[in-house]
Amino acid sequence: MTPGQSEFVEEMGQYLASYGMTPMAGRMWGWLLISDPPEQTAAEIAEALQASRGAISGTARILASAGMIRRTTRRGDRREYFSAPPEALDSMLASASATYKRLREIAERPRPPRGIP
C-alpha cells in the first residue's frame, strides 16, 4: 500500500467510526474502494490492512449487511472475494443527502415557545 493509499484508508476508517461503525469497517471499505484488483480475498485484505483474518471476516459481515460491499465466489475456488460496488458509495451519499434534507425540513418548521409547559 502506498502512503497515499494508507492515508485514504485511515481517513475513511476514522470517518466511518465517527458515524458509529468500527474503524476497521471504514478501513476495509476504503481499501476496497481503491484496491487493484477491485476484488480481494480476506487474506489479501488482511495483508493490506495488517489485520487478522478474523477481524476481516467480522467486518465483512457488517459491511455486507449494510450493502457497502459485495461477496462473491468463483467456480473452482473455495475463497470468497470482496469488492465495493460503485453504487454503494452513490447509495450512501444519496441516503445522507435525504437524511440532511429531512433534518432541515424539521428544523425550519415553526417551533413552539421555549419554557412554557
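Residues numbered from 1 in each chain as written. Predicted model: local features only at pLDDT ≥ 70, side-chain atom pairs only at ≥ 80, totals over all residues. Heavy atoms only, no water.

Caption draft 1: View of the nonpolar core. By size, the foremost hydrophobic cluster in this structure holds 21 residues, and its most contacted members are M28, W29, I45, L49, I56, I69 and F82. Broken down by element, the residue count for this core peaks at 6 residues, all from helix α2 (residues 23-34). For W29, the contacting residues outside a window of four places in its chain are M12, L16, L63, M68, I69, A84, A88, L89 and M92. (Core = buried A, V, L, I, M, F, W, Y, C linked by side-chain atoms within 4.5 Å. Buried < 20%, exposed > 50% of the residue type's maximum accessible area, 1.4 Å probe, protein only. Helix = DSSP H or I, 4+ residues; strand = E, 2+ residues; numbered from the N terminus. Contact = heavy atoms within 4.5 Å.)

Caption draft 2: Spotlight on α2. Counted at 1.5 Å a residue, the expected span for α2 with its 12 residues is 16 Å, and the 17 Å between its end C-alpha atoms agrees. Taking burial as the measure, the 12 residues of α2 include 9 buried ones, the bulk of the element. Among the residues making up α2, those that are buried are M24, A25, G26, R27, M28, W29, G30, W31 and L32. (Expected span 1.5 Å × (residues − 1).)

Caption draft 3: Spatial organisation of the pairing of strand β3 (residues 77-83). In this sheet, β3 lies alongside strand β1 (residues 40-41) in antiparallel orientation, the contact comprising 2 bridges. The partner of Q40 across the bridge, within β3, is F82. Taken together, the 5 bridges between strand β2 (residues 70-74) and β3 define a ladder with antiparallel strand orientation. In the sheet register, R71 faces β3, and the bridge partner there is F82. (Pairing = 2+ DSSP bridges.)

Caption draft 4: Region of the structure containing a nonpolar patch on the surface. Together, Y15, Y19, Y100 and L103 give the surface a local cluster of nonpolar side chains, amounting to about 480 Å² of exposed area. By the element assignment, Y100 lies in helix α5 (residues 86-107). A residue is classified by how much of its surface remains accessible, and Y100, at 48% relative accessible area, is partly exposed. (Patch = residues over 30% accessible without salt bridge, like charges linked within 9 Å, V, L, I, M, F, W, Y side chains within 5 Å. Areas by Shrake-Rupley, 256 points an atom, 1.4 Å probe, with all protein chains shown as cover. Salt bridge = Lys/Arg side-chain N within 4 Å of Asp/Glu carboxyl O.)

Caption draft 5: A look at helix α4 (residues 53-65). Between its first and last C-alpha atoms α4 spans 18 Å; for 13 residues at 1.5 Å apiece the expected length is 18 Å, and the two agree. Restricting attention to buried positions, one finds in α4 the residues I56, T59, A60 and L63. Angularly, the buried residues of α4 cover 115° about the axis, an arc narrow enough to put them on a single face. With respect to the buried face of α4, the exposed residues turned more than 90 degrees away are G54, R61 and S65. Looking at the buried residues of α4, the elements they touch are α2, α3 (42-49), β2 and β3. G67 sits one or two residues past α4 and shows a positive phi near 75°. (Arc of directions from axis to C-beta.)

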